[in-house]
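Working through the structure, step by step
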Amino acid sequence: MCLSIPARVISIERDMATVSVGGTEYKASLQIVENVQVGDYILLHTGFAIQKLDIREAEESLKVFDEFIELNRQLDEEEVKTGKRIV
Amino acid sequence: MKYMDEYRDKRLVDQLVERIRSLSRTPVQLMEVCGGHTMSIQKFGIPSLLPETVRLVSGPGCPVCVTGRQFIDKAIAFARLNDVIITTFGDLIRVPGSTSSLEKEKAGGADIRIVYSVLDALQIALDHKDKQVIFLGIGFETTSPGSAAGIKKAAELCIPNFFLYSAHKVMPPAMRALIHEGIAISGFIAPGHVSTITGIAMYEEFPETFGVGCVVSGFEPVDLLQAVLMLVEQVESRRPKVEIQYKRAVRPEGNPKALQLLREVFEPQDDWWRGLGVLPGSGLKLKKAFQHFDAENEFAIDVEETREEKGCICGEVLKGLKQPGDCKLFGKACTPSDPAGACMVSNEGTCHAWYRYHRHG
Ligand code: SF4
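Everything in this summary refers to the structure shown in the same document. (Residues numbered from 1 in each chain as written. Chains lettered and ligands numbered in written order. Predicted model: local features only at pLDDT ≥ 70, side-chain atom pairs only at ≥ 80, totals over all residues. Heavy atoms only, no water.)

Re the nonpolar core
In this structure, Ile-134, Leu-136, Phe-162, Phe-188 and Tyr-203 of chain B are the most contacted members of the largest nonpolar core, which totals 109 residues. Beyond its immediate chain neighbours, meaning those up to four positions away, Phe-188 of chain B contacts Met-31, Val-33, Met-175, Leu-178, Ile-179, Phe-206, Val-212, Gly-213, Cys-214, Val-215 and Leu-231 of chain B. (Core = buried A, V, L, I, M, F, W, Y, C linked by side-chain atoms within 4.5 Å. Buried < 20%, exposed > 50% of the residue type's maximum accessible area, 1.4 Å probe, protein only. Contact = heavy atoms within 4.5 Å.)

Written out as structure tokens, the structure reads:
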């Protein structure tokens with residue numbers, strides 16, 4: 001019931017949006033969010049868009065993850081080289 | 001699906017697990033207080049990935065589970081009135097009341113309809129002007145703004161036959177109550193979707209007053225493991241604080257429009273939580289200006305005496321004191337198809353999640 005899923009806004013008519021979740025379309029009320037536009041990702045919960053997803057943040061954290069993997073790889077390499085446990 | 005799949009990346013999961021394993025020294029007990037987290041944690045088998053030092057326990061985060069039998073009994077009493085249509089989220093109809101359930105009442109002829117949104121309930125009211133339509137409002141701050149929006153719509157459109165029976169609750173009093181009860185919690189995995197609405201200011205008291213950190217987490221394995229890592233880092237460095245892991249959805253200030261709507265429509269009331277009892281200011285009731293939409297105000301009902309299920313230890317489970325496997329009824333007299341207690345009904349309930357994903361654990 002607390003489930004909220006990311007959905008992409010396809011079209012907007014007054015305070016109702018049509019959104020797509022992996023190809024399936026749903027209606028989402030925009031009554032409790034601000035500045036939502038077509039193309040935005042929102043979190044859909046019991047028929048309401050409850051928040052706009054911050055795409056910049058999402059991309060950013062994925063990038064941070066990549067760096068994290070890279071860092072771990074480097075540490076591993078160093079551990080192998082020096083024979084010492086670093087983290 | 002975009003912005004979900006990336007957070008299930010196996011490589012990342014492995015790396016995070018490795019990092020947690022190498023960093024964690026102090027034994028910690030981390031509690032999630034969101035049913036969605038409970039479900040994800042069991043579904044993805046997160047506990048089996050963690051070192052012995054990190055123990056995860058579920059708290060009172062499933063709205064259906066913490067809602068009292070009295071609420072169900074009252075809803076049943078409403079359902080038995082003439083010319084009343086009960087509208088509700090699907091989870092609630094199977095929750096056992098003292099002697100019946102909404103599902104049984106429905107089978108017996110009561111007009112009870114499952115809706116996906118409060119807006120569907122409004123539509124039913126518009127379509128059936130000769131009936132009184134009562135919407136059962138349960139859920140935390142994720143869900144209550146929807147009910148508030150529904151009430152505002154009903155007021156705007158002057159829908160006289162729409163009513164709310166509210167068991168909406170707010171999270172912080174329950175988290176506080178757990179700490180006051182002395183339950184060992186080294187950090188909270190704070191609810192992701194509640195926080196999209198509330199923001200994070202309400203969690204500040206936990207590190208400040210109780211030394212317990214809070215990390216607001218998303219729902220995918222990478223999210224949850226990263227949140228665990230952040231809490232482990234906090235414990236190891238002895239610096240509890242409030243942090244957001246789920247940055248793509250949670251802003252520090254939350255959703256101001258939804259918060260404004262909540263303040264306009266609801267005011268706090270004392271409310272009863274399974275396992276925790278009555279907590280001051282932990283529930284939401286309609287403000288005076290909207291009282292004519294309050295089902296409790298508008299209908300006189302006879303409610304049977306509340307009787308709790310014997311043997312059900314839901315209350316202890318919701319406080320993280322016991323696990324579903326400790327319950328004698330678990331998997332025997334209590335299963336998802338024939339639940340004895342509330343924690344077995346909703347798929348966010350701890351007992352349900354255990355039954356589904358690791359019955360043998
Ligand atoms: S298994 Fe059923 S009876 Fe036992 S605690 Fe869970 S919900 Fe209650």
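Now that the structure has been shown, the text picks up again.
Some points on the site of the ligand
Around the ligand sit Cys-312, Ile-313, Cys-314, Cys-327, Leu-329, Phe-330, Cys-334, Gly-341, Cys-343, Met-344 and Cys-351 of chain B, and that is every residue in its neighbourhood. Considered class by class, the residues forming the shell around the ligand number 10 nonpolar, one polar and no charged. (Near = heavy atom within 4 Å. Nonpolar A, V, L, I, M, F, W, Y, C, P; charged D, E, K, R; others polar.)

Some thoughts on the pairing of strand 4 (residues 111-114) of chain B
Residue and element names in this part refer to chain B. Of the pairings in the sheet, the one linking strand 3 (residues 84-88) to strand 4 comprises four bridges and is parallel in character. Bridging from a neighbouring strand, Ile-85 pairs with Asp-111 of strand 4. Once the chain exits strand 3 it traverses helix 6 (residues 102-107) before rejoining the sheet at strand 4, and the crossover so formed is right-handed. (Pairing = 2+ DSSP bridges. Helix = DSSP H or I, 4+ residues; strand = E, 2+ residues; numbered from the N terminus. Right-handed = clockwise from strand over helix to strand, strands pointing away.)

Points about the pattern of salt bridges
All names here are of chain A. Counted by the stated rule, this structure contains 16 salt bridges over all chains. As a salt-bridge pair, Asp-40 and Lys-52 come within 3.7 Å of each other at their nearest N and O atoms. Highlighted residues: Asp-40 in the loop between strand 3 (24-29) and strand 4 (41-45) and Lys-52 in strand 5 (residues 48-52), separated in sequence by 12 residues. (Salt bridge = Lys/Arg side-chain N within 4 Å of Asp/Glu carboxyl O.)

Description of the environment of Glu-264 of chain B
Residues and elements named next belong to chain B. Mapped onto the elements of the fold, Glu-264 is located in helix 13 (residues 256-265). Glu-264 sits in the partly exposed class, given a relative accessible area of 29%. Taking the C-alpha atoms as reference points, Glu-264 and Leu-286, separated by 22 residues in sequence, lie 9.2 Å from one another. Dropping the residues within four chain positions of it, Glu-264 is found in contact with Lys-152, Lys-287 and Phe-290.

Some words on the interface of chain B and chain A
With 46 residues of chain B at the interface, the matching set in chain A holds 41 residues. Run the count over chain B and chain A and you get one salt bridge. We note a salt bridge from Asp-15 of chain A to Lys-153 of chain B, for which the minimum N-O separation is 3.1 Å. Put simply, chain B and chain A have 12 residue pairs in polar contact (both at pLDDT 80 or more) between them. Breaking the side of chain B that touches chain A down by element, the ones donating at least two residues are helix 1 (10-23), helix 7 (118-127), helix 8 (144-156), helix 10 (192-198), helix 12 (221-236) and helix 13 of chain B. A per-element tally of the side of chain B that touches chain A places helix 1 of chain B first, with seven residues. (Polar contact = N/O pair within 3.5 Å; in protein donor to acceptor, adjacent residues only side chain to side chain.)

A word on helix 13 of chain B
Residues and elements named next belong to chain B. Among the residues making up helix 13, those that are buried are Ala-258, Leu-261, Leu-262 and Val-265. Seen end-on, helix 13 carries its buried residues on one side only, within an arc spanning 100°. Where the residues of helix 13 are buried, they touch helix 8, helix 10, strand 10 (266-273) and strand 11 (277-286). Of the residues flanking the start of helix 13, the one acting as N-cap is Asn-255, its side-chain oxygen 3.1 Å from the backbone nitrogen of Lys-257. (Arc of directions from axis to C-beta.)

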